[in-house]
Amino acid sequence: MIKLKGFTSNIVHHDRQLDHNDNPIHTPIYNSVPYGYKSTKDLENVFQGKTSGHSYARQATPTTDSLQSMITQTELGIGSLVFATGMGALSAIFLTLLKSGDHLIASRFLFGNSYSLITTLENFGIEVTLVDATDADNVIAAKQDNTLMVFVETIANPGTQISDLVAIGNWCEQEGLVYLVDNTMTSPYLFQPIRAKASLVMNSLSKYFCGHGTVLGGAVTDTGFFDWSTYPNIFDAYRKGEANKWGLTQIKKKALRDMGGTLSSDGAYQIAVGSETMALRMDRSCANALALAQLLETHEKVEAVYYPGLTSHPQHDKATDWFRHYGSILSFDLKDGYDCAQLLDSVDITINATHLGDNRTLALPMASTIFYEMGPENRAKSGISEQMIRCSIGIEDTDDLLESFQFGLDQL
Ligand SMILES: *Cc1c(COP(=O)(O)O)cnc(C)c1O
């Protein structure tokens, strides 16, 4: 094995260290569903986990294995599983590790579909308490006797609130709780949640890993930090071998195998290729976002800017300590009387689209789209102003980005 220190060096040299025939430097796309063996004994050994190998593509292929091992390396974990989407990865975690009567503490500032997923869990008898996770004290105060897991995001969207990641991690360690961190907004390039003692890390691969908005995927990584022998919900069948693997084994068997939210080899291949430039793309998009945030913050037609790179951001100091850059999501409120749609229609560079982590700058008004269903009262409670615009900043040249926004603002 070659030894390299840098994030990108490790990604681009990952595949050639694997043992493939014909020495490809990209792991090929394996599209076979079944895997055949010369002797029955060999097949039996694979089924019984005595030798490693593939049996059926719903659980893994050499292509998805390769992506999993690359993700494990970037997150400094002990193992990863990939799924068809980020939501597939999250639902796999909740549905295999929690059961009726358990309690989950989750951040109040969650990706909309994650919030919706959690309300579905309540239908299965899982109790959920939503808290303002920017302060660990709120998480601590929500603990009940049946609490098993804490779930937060690194940087929330659209408000860019940052969870009190380190203090929550210290507390979860002390209490023996599973600490699940959705690292999608930061990616392992900006932040590795193992540094905050996370047990499990979830990434939507559809965002910064793939980067080009062409494939969906999700991953869960076990950091090795949690002692699964203390966790009550592990089935007897998986209480074998090293205890730090039990959680991931259960997610693999009960979710990937039994629920089947499998990522295709084609998708895994595209995500692996996209990941090679993750750091380069994020260096640019985060620098662009900071430059635009600074322009907007001083503009007379802008009421407020939400971006962790601004010293006015409530968690700016923590973001500076923890993250390599401040992310490429920024939101802002136009002053009352100015029309969000008019602005976006005159900013040429933005594409009117949802989604995050594309190479192109995408923007949309919040109250009339993603948060429309919520209604004005709940929007106000969730900190979504009627004048808020969310931008996912791309890798365009900085001058083009700034000039385009300046022009749009001048038209109002
Ligand atoms: C997009 C996103 C997800 C869901 O990922 P998909 O791949 O779209 O299913 C989960 N969490 C966050 C923070 C996201 O931005």
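Above: the structure in question.
Everything numeric here is computed off the predicted structure, so don't read it as measured data.

Sorry, what's going on with the nonpolar core here?
Considering soluble globular proteins, one finds that nonpolar side chains tend to be buried as a cluster. Counting 74 residues, the largest nonpolar core has Leu67, Val150, Leu296, Leu330 and Phe332 as its most contacted members. At 9 residues, helix α11 (residues 278-297) tops the list of elements feeding residues into this core.

When you look at the layout of surface pockets in this model, what are you seeing that I'm missing?
In this approach, a probe sized like a water molecule rolls over the atoms, and the result shows the empty space that is left. Volume-wise, the largest pocket comes out at about 1,300 Å³. Taken together, 39 residues form the lining of the largest pocket, with Ser52, Gln59, Thr249, Lys252 and Lys253 sitting closest to its centre. Within the residue set of the lining of the largest pocket, elements represented by two or more residues are α2 (40-47), α3 (62-74), β1 (79-83) and α9 (246-257). Its residues assigned to classes, the lining of the largest pocket comprises 14 nonpolar, 18 polar and 7 charged. Roughly 1,000 Å³ of volume is contained in the second largest pocket. Lining the second largest pocket we find 40 residues, and of these Leu110, Phe111, Gly112, Asn113 and Phe371 sit closest to its centre. Listing elements by their share of the lining of the second largest pocket, those giving two or more residues are α4 (86-97), α5 (112-123) and β6 (200-204). Along the lines of polarity and charge, the residues of the lining of the second largest pocket split into 17 nonpolar, 16 polar and 7 charged. Structurally, the lining of the second largest pocket is a two-domain feature, drawing no fewer than three residues from each of domain 1 (7-30 + 61-275) and domain 2 (279-411).

Here is what the cut-offs are and how they apply
- Residues numbered from 1 in each chain as written.
- Predicted model: local features only at pLDDT ≥ 70, side-chain atom pairs only at ≥ 80, totals over all residues.
- Heavy atoms only, no water.
- Core = buried A, V, L, I, M, F, W, Y, C linked by side-chain atoms within 4.5 Å.
- Buried < 20%, exposed > 50% of the residue type's maximum accessible area, 1.4 Å probe, protein only.
- Helix = DSSP H or I, 4+ residues; strand = E, 2+ residues; numbered from the N terminus.
- 1 Å grid on protein atoms, 1.4 Å probe; cavity = no way out; pocket = protein on both sides within 12 Å on 5 of 7 lines; lining within 4 Å.
- Points joined across faces, edges and corners; volume = space filled by probe spheres on them.
- Nonpolar A, V, L, I, M, F, W, Y, C, P; charged D, E, K, R; others polar.
- Domains from an automatic or database assignment.

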